[in-house]
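If you want the building blocks of each chain, they are given just below.
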Amino acid sequence: MTAIAEDIGSLQRQADRRRFLEPWLYLSPALILIFTVLIVPLVIGISYSFRKFSAFRSEYVGLGQYRAMLSDTVLHGALVNTLWWTVASLALQFFFGLGLALLLNRPFIGQRIVQGLVFLPWAVPIFLTGLTWSWLFNPVIGPLPHVFHAIGLQAEPVTILADPATAMWGPIIANVWFGIPFFAITLLAARKSIPSELYEAAAIDGASPWQQFTKVTLPFLAPTIAITVMLRTVWIATFADLIYVMTAGGPAGSTNTIATYIYVSAFKSLDKGYASAIAVLLLVLLIAYALIVIQMRRALLRDA
Amino acid sequence: MASVSLRSVHKKFGPITVLQSIDLDIEDGEFVVLVGPSGCGKSTLLRSIAGLETINGGEIHIGERQVNHVAPKDRDIAMVFQSYALYPHMDVRRNMGFSLNLRKSPTRMVVERVSAASTKLGLNSLLDRLPKQLSGGQRQRVAMGRAIVRNPQVFLFDEPLSNLDAKLRATMRTEIKALHQSLKTTAIYVTHDQVEAMTMANRIVVMSDGVIQQVGAPLELYDRPANIFVAGFIGSPTMNFFDAVIDGKQAGLADGSLLALPASAAVTEGQKVVIGIRPEHLHFTDTGIPGTVVVVEPLGMSTQVTLDAARERVTLLALERPVLAPGDRKHLTARPQDIHVFDRASGLRVN
Amino acid sequence: MPGQSRFQRIAGTIGVYGAIACYVVFALLPIYWTIKISVTPQDLLYSEGIRLWPSRMTLANYASVLEATDFPRYFLNSIIVSVATAVIVTAVASFAGYALSRFRFRGKALVSLVLLLTQTFPLVMVIPPIYRIMGQLGLTDNLYGLIIIYTAFNIAFATFLMQSFLDGVPKDLEEAAMIDGCTRFEALRRVILPLTLPGMGATVAFVFTAAWSELLFGLMLINSESQKTFSVGLLTFVGKFAVDWGQMMAASVLALIPVCLFFLFLQRYLVTGLTAGAVKG
Ligand SMILES: Nc1ncnc2c1ncn2[C@@H]1O[C@H](COP(=O)(O)OP(=O)(O)OP(=O)(O)O)[C@@H](O)[C@H]1O
Ligand SMILES: [Mg+2]
């Protein structure tokens, strides 16, 4: 009798262990990869930020790199540029994406084809997006300077990428072009999941189309908007490829964002320590931002 | 075919106890129906028997075997889900043959069993369709077919008919009953539906809050409910209850009127009790409990009358067609042998 | 809708079609322009620089890209890297998504949060350490290194995608399969995975596109001609030679073909997939 009881006990423990281990078994390949390729380098990167690197050696400098950041005017410029680049890109992507989603939500002639076409920019590789748009801005082979000149935006048909005052618009436009489909896709699907009875009820209650939009559509889309805006913000803020391809941060640092600046100082000036310290700053800002948005979204979902 | 027995089965979800010390013996070939209010743990009990939930204490036996740690696939049971859970990517034939194919049964046998089951259930013309091409009733049949193809030791049903309309439900009820009579496989059936429980079961198990309240044949539960909960749960319209105090051989109701008790009542003078009387056992008389008619609902075969009497809302079911209007004052009574007496403190039956 | 005047309706319709037309033009202009220049003969390039379509067409640019440059090699490298990344990520993310969708366990919220936060890692921050680690492992300047890095970077999002697809498969189905005689793993393989094929398709497409587009890691890790991916090849091409516009545009169009095909083919699933992933977060 006791033998059986023990037997059952050990079976029970075995089953418990299996139940405990099983999800981790399925998760392990993903976690191992993320740990070794992202987390470990991240920690090493953070440790770099306390060192100073020169051609053949490195030395521990404590918070020296962080102190250097305080007096780095290029960095301050880059911070402002990053904010400008992120907010402008994000706002334009979002509003056009939302508009497009609402347009595509109603049936119209040729909807399937249009839907396929308007989402195409999202499939275009980023480096190609960058190259293509810089060609479009090129007065020799591209049409845009001539168009701008014709409608009086520019006195001469020259590329906007060469003028520090306007250069940032180049990557922003390319980024908007590339990012609209993402918002359109996610918001369209979220919009489609709103039950139509809600609109019927609102219409019977006498809501105008604008009120329907603000009282039904927006509250329903809010959680989706929060999470997509957050992912995109982070992504745009850390996204160096487009600017690198189109202007490489120039002219005169006018399109230098933190992401491109890190890239430049890590690989051009060889001081990985300083680049890492800047990256830590960016990381802290972004994680704080992400956590705030996640918290806001929770609150939104609770209220809904 | 096999018996199923549960020995003080215990189940918790986190801190919440969902099943407390369930003891139940189900005989080989029996059709047992589990009923109880929503959330009382019926599905959890069924899923524990299936092995889909791991119990926190106690033992489950299927046949001679203790199955606490046996995987669902090795328990030799079949289950029909409320959602039917048909595999959407397989046609009806493959859905029904899936379990046999998993067991590497010879193809000939699979074909034979599937065609036998589909003939029995009238599914022959649907064998090549996908689940999404079937109506609700047809899906239900396929789910049944998938279970009987297995020829399992035990059938488990979790509200299999609740997604069907009333008429189809009645038909399927009869069919499942007939199927059970021909297959004689032990079956455990969860339902919300009184009629299903009363008509299909060999025995009914009434549960509440994770505890078994009473186990018995349908009419036994109806005629002699063991406590107030079962009395109120079984039967529709529900039993009428009156608070009363024992006064000699009679019960004094809240309005002061007296009701004769059955001789079997084991009560003491002054004991606080609850009197239960089923609607069809109340009659109009000249003397008795005075009441005022509130609503009269002719149902055709019978007439349901709602009254206020003895400070309670009372339902009476009359087979004759009384001529009544709201506001009429009447007197009610019941034969002593039709009266159920429960102790008010413990809720237990005392006659 | 009743209650609107005829005029309002017509104006509304015109507005909708007008807005859609504007966006279609905006969306297609860059692609169109690339194609146009790629078929413009060298001698007309500047004289007809701003014409909508050249007066003569040529495929000479395509021929020279395919014959006289390393682009076919880059192309092949990109295909290898992107396909391998897409397949590995989808497999790994399917299992991880399955764990998050089907199990309740301690630490699950933490795992989700870590996955989400990896999305905020500035890529530039991990580049120097990764470069060193990969160097020590001998994985710089070859495609394996790229595949490993791309895989790690895409896993989080792919896992969320797969999780939301798996959440869409009722739990009953896998329980039914387990009663029918499957182990949990068999239920996954025979019932769940076939039902999430569209989701896996979307994940494959998403990861393929991302890997095909990647530039910075490629630039940093790859030096030798024979290992360059398309993006790296094209960019060095821009820098190194006096720009041959026609050839470059032709190469770009070629680079667009596989992603666009993939995309058009899987567009339907991608919409549900992306949404599900994004909405869930
Ligand atoms: N996975 C779970 N995690 C936590 N609690 C659960 C879980 N499943 C069920 N419960 C809880 O256990 C209790 C019993 O649930 P169960 O599904 O067995 O009820 P039921 O009797 O089948 O109800 P119904 O008639 O509505 O189907 C409920 O209170 C429910 O909230
Ligand atoms: Mg239930």
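Residues numbered from 1 in each chain as written. Chains lettered and ligands numbered in written order. Predicted model: local features only at pLDDT ≥ 70, side-chain atom pairs only at ≥ 80, totals over all residues. Heavy atoms only, no water.

Let's talk about the overall build of chain B
Then comes step 1: The helix and strand tally for chain B stands at 8 helices and 20 strands.
Then comes step 2: Across its three principal axes, chain B shows a C-alpha extent of roughly 75 × 45 × 35 Å.
Then comes step 3: Taking contacts inside chain B between residues at least 6 apart in sequence as the whole, the part at least 24 apart equals 65%.
Then comes step 4: About 15,400 Å² of surface is accessible on chain B, with carbon and sulfur atoms providing 51% of the total.
Then comes step 5: Positive and negative charge centroids in chain B, built from 39 and 35 side chains respectively, lie 9 Å apart. (Helix = DSSP H or I, 4+ residues; strand = E, 2+ residues; numbered from the N terminus. Contact = heavy atoms within 4.5 Å. Areas by Shrake-Rupley, 256 points an atom, 1.4 Å probe, with all protein chains shown as cover. Lys, Arg positive; Asp, Glu negative; His and termini not counted. Charge placed at Lys NZ, Arg CZ, Asp CG, Glu CD.)

Brief notes about the overall build of chain C
Then comes step 1: Summing up its helical and strand segments, chain C has 12 helices and 0 strands in all.
Then comes step 2: Ordered by position from the N terminus, the helices and strands of chain C form the series α-α-α-α-α-α-α-α-α-α-α-α.
Then comes step 3: Counting only contacts in chain C whose residues sit at least 6 apart along the sequence, the fraction spanning at least 24 positions is 72%.
Then comes step 4: As displayed, chain C offers around 11,400 Å² of accessible surface, 68% of which is attributable to carbon and sulfur atoms.

Concerning the environment of Val114(A)
Then comes step 1: With respect to the helices and strands, Val114(A) occurs in helix α4 (residues 111–118).
Then comes step 2: Separated by 15 residues in sequence, Val114(A) and Gly99(A) place their C-alpha atoms 15 Å apart.

What about unusual backbone geometry?
Residues and elements named next belong to chain B.
Then comes step 1: Here the bond from Ser 236 into Pro 237 is cis, since omega is -5°, no more than 30 degrees from zero.
Then comes step 2: Phi is positive for Asp 76, which is not a glycine, with a value near 55°.
Then comes step 3: As for its placement among the helices and strands, Asp 76 is situated in the loop between β5 (65–66) and β6 (77–80).
Then comes step 4: On the basis of relative accessibility, which here comes to 28%, the residue Asp 76 falls in the partly exposed class.
Then comes step 5: Phi angles above zero are rare outside glycine, and Tyr 84 is one such case at about 70°.
Then comes step 6: Checked against the element boundaries, Tyr 84 lands in the loop between β6 and α2 (92–102). (Buried < 20%, exposed > 50% of the residue type's maximum accessible area, 1.4 Å probe, protein only.)

Here we look at the interface of chain C and chain B
Then comes step 1: Tallying the contact residues gives 16 residues for chain C and 23 residues for chain B.
Then comes step 2: Overall, the association of chain C and chain B removes approximately 1,700 Å² of surface from exposure, summing both partners, and the carbon and sulfur fraction of that is 66%.
Then comes step 3: Taken as a group, Glu175(C), Ile179(C) and Asp180(C) account for 39% of the area that chain C buries against chain B, more than any other trio of residues on that side.
Then comes step 4: At the boundary of chain C and chain B, one finds 3 salt bridges.
Then comes step 5: The residue Arg47(B) makes a salt bridge to Glu175(C) at a minimum N-O spacing of 2.6 Å.
Then comes step 6: Our count for the contact surface shared by chain C and chain B stands at 9 residue pairs in polar contact (both at pLDDT 80 or more).
Then comes step 7: Residue assignment for the side of chain C that touches chain B shows that the elements contributing at least two residues are α7 (171–180) and α8 (184–195) of chain C.
Then comes step 8: Broken down by element, the residue count for the side of chain C that touches chain B peaks at 8 residues, all from α7(C).
Then comes step 9: Here the residues of the side of chain C that touches chain B sort into 9 nonpolar, 2 polar and 5 charged. (Buried area = accessible area lost by both parts, 1.4 Å probe. Salt bridge = Lys/Arg side-chain N within 4 Å of Asp/Glu carboxyl O. Polar contact = N/O pair within 3.5 Å; in protein donor to acceptor, adjacent residues only side chain to side chain. Nonpolar A, V, L, I, M, F, W, Y, C, P; charged D, E, K, R; others polar.)

Overview of the interface of chain A and chain C
Then comes step 1: Listed by partner, the interface residues are 87 residues for chain A and 91 residues for chain C.
Then comes step 2: Approximately 8,000 Å² of surface area, both sides summed, lies buried where chain A meets chain C, with 84% of it carried by carbon and sulfur atoms.
Then comes step 3: Ranking the residues of chain A by area buried against chain C places Tyr26(A), Phe127(A) and Ile141(A) at the top, with a combined share of 10%.
Then comes step 4: If you look at where chain A meets chain C, you find 1 salt bridge.
Then comes step 5: Between Arg184(C) and Glu22(A) there is a salt bridge, with its nearest N and O atoms 3.6 Å apart.
Then comes step 6: Among the elements that line the side of chain A that touches chain C, the one with the most residues is helix α1 (residues 2–48) of chain A, at 20 residues.
Then comes step 7: For the side of chain A that touches chain C, the residue count by class is 71 nonpolar, 12 polar and 4 charged.

Examining the site of ligand 1
Then comes step 1: Taken together, Phe13(B), Val18(B), Ser38(B), Gly39(B), Cys40(B), Gly41(B), Lys42(B), Ser43(B), Thr44(B), Glu159(B), His192(B) and Arg104(C) make up the full set of residues adjacent to ligand 1.
Then comes step 2: More than one chain approaches ligand 1, the contributing ones being chains B and C.
Then comes step 3: Here an oxygen atom of ligand 1 and a side-chain polar atom of Glu159(B) are 3.4 Å apart.
Then comes step 4: A distance of 3.1 Å separates an oxygen atom of ligand 1 from a polar side-chain atom of His192(B).
Then comes step 5: When isolated, ligand 1 has an accessible area of 630 Å², and the protein chains bury 61% of it.
Then comes step 6: Of the residues in the shell around ligand 1, the class split is 3 nonpolar, 6 polar and 3 charged. (Near = heavy atom within 4 Å.)

A word on the packing of helix α4 (residues 108–118) of chain C against helix α6 (residues 143–167) of chain C
Residue and element names in this part refer to chain C.
Then comes step 1: α6 packs onto α4 with a crossing angle of 130° between their chain directions and a minimal axis gap of 8 Å. One finds that α4 runs oblique with respect to α6. Once α4 is placed against α6, the crossing between them reads as left-handed. Of α6, the residues touching α4 (which contributes Ser 112, Leu 115, Leu 116 and Thr 118) are Ala 156, Thr 159 and Phe 160.
Then comes step 2: The residue makeup of the contact of α4 with α6, split by class, is 4 nonpolar, 3 polar and no charged. (Axes fitted to C-alpha atoms, helices over the stretch in contact; angles between N-to-C directions. Parallel < 35°, antiparallel > 145°, perpendicular 65-115°, else oblique. Left-handed = near helix turned anticlockwise from the far one by under 90°.)

Some remarks on the packing of aromatic side chains
Then comes step 1: Taken as a whole and judged by the stated rule, the model has 35 aromatic pairs over all chains.
Then comes step 2: Clustering of aromatic rings is evident, with ring pairs tying together Phe71(C), Tyr74(C), Phe75(C), Phe208(C), Trp212(C) and Phe230(C).
Then comes step 3: Above the face of the Phe284(B) ring, Lys330(B) is positioned so that its terminal group lies 5.4 Å from the ring centre. (Phe/Tyr/Trp six-rings, centres within 6.5 Å; stacked < 30°, edge-to-face > 60°. Lys NZ or Arg CZ within 6 Å of the ring centre and 35° of its normal.)

Things to note about the domain arrangement of chain C
All names here are of chain C.
Then comes step 1: Segmenting chain C into domains produces domain 1 (6–60) and domain 2 (69–269).
Then comes step 2: The interface is formed by 8 residues belonging to domain 1 together with 8 residues belonging to domain 2.
Then comes step 3: On the domain 1 side of the contact with domain 2, Thr 34, Ile 37 and Ser 38 bury the most area, a combined 55% of that side's loss.
Then comes step 4: Applying the counting rule to domain 1 against domain 2 returns 0 salt bridges.
Then comes step 5: Joining domain 1 to domain 2, the criterion identifies 0 residue pairs in polar contact (both at pLDDT 80 or more).
Then comes step 6: Across the side of domain 1 that touches domain 2, the residue classes tally to 5 nonpolar, 3 polar and no charged. (Domains from an automatic or database assignment.)

Looking at the pattern of salt bridges
All names here are of chain B.
Then comes step 1: Inspection of the entire model under this criterion finds 20 salt bridges over all chains.
Then comes step 2: Note that Asp 23 and Arg 7 form a salt bridge whose closest N and O atoms lie 4.0 Å from each other. Within this pair, whereas Asp 23 is found in strand β2 (residues 16–26), its partner Arg 7 is found in strand β1 (residues 4–13), the two being separated by 16 residues in sequence.
Then comes step 3: We note a salt bridge from Arg 108 to Glu 112, for which the minimum N-O separation is 3.6 Å. Remark: Glu 112 and Arg 108 occur in helix α3 (residues 107–121); sequence separation between them is 4 residues, near one turn of the helix.
Then comes step 4: What makes Glu 112 partly exposed here is its relative accessible area of 45%.

Here's the deal with the nonpolar core
Then comes step 1: Counting residues in hydrophobic clusters, the biggest one holds 220 residues, and the most contacted among them are Leu6(B), Leu156(B), Ile188(B), Met207(B), Phe217(C) and Leu234(C).
Then comes step 2: Here this core takes 14 residues from α6(C), the largest share from any one element.
Then comes step 3: The residues touching Leu156(B), leaving out its near neighbours within four places in the chain, are Leu46(B), Ile49(B), Ala50(B), Ile77(B), Ala78(B), Met79(B), Val80(B) and Ile188(B).
Then comes step 4: Ranked by size, the runner-up nonpolar core spans 42 residues in total, among them Val33(B), Tyr84(B), Met172(B) and Val230(B). (Core = buried A, V, L, I, M, F, W, Y, C linked by side-chain atoms within 4.5 Å.)

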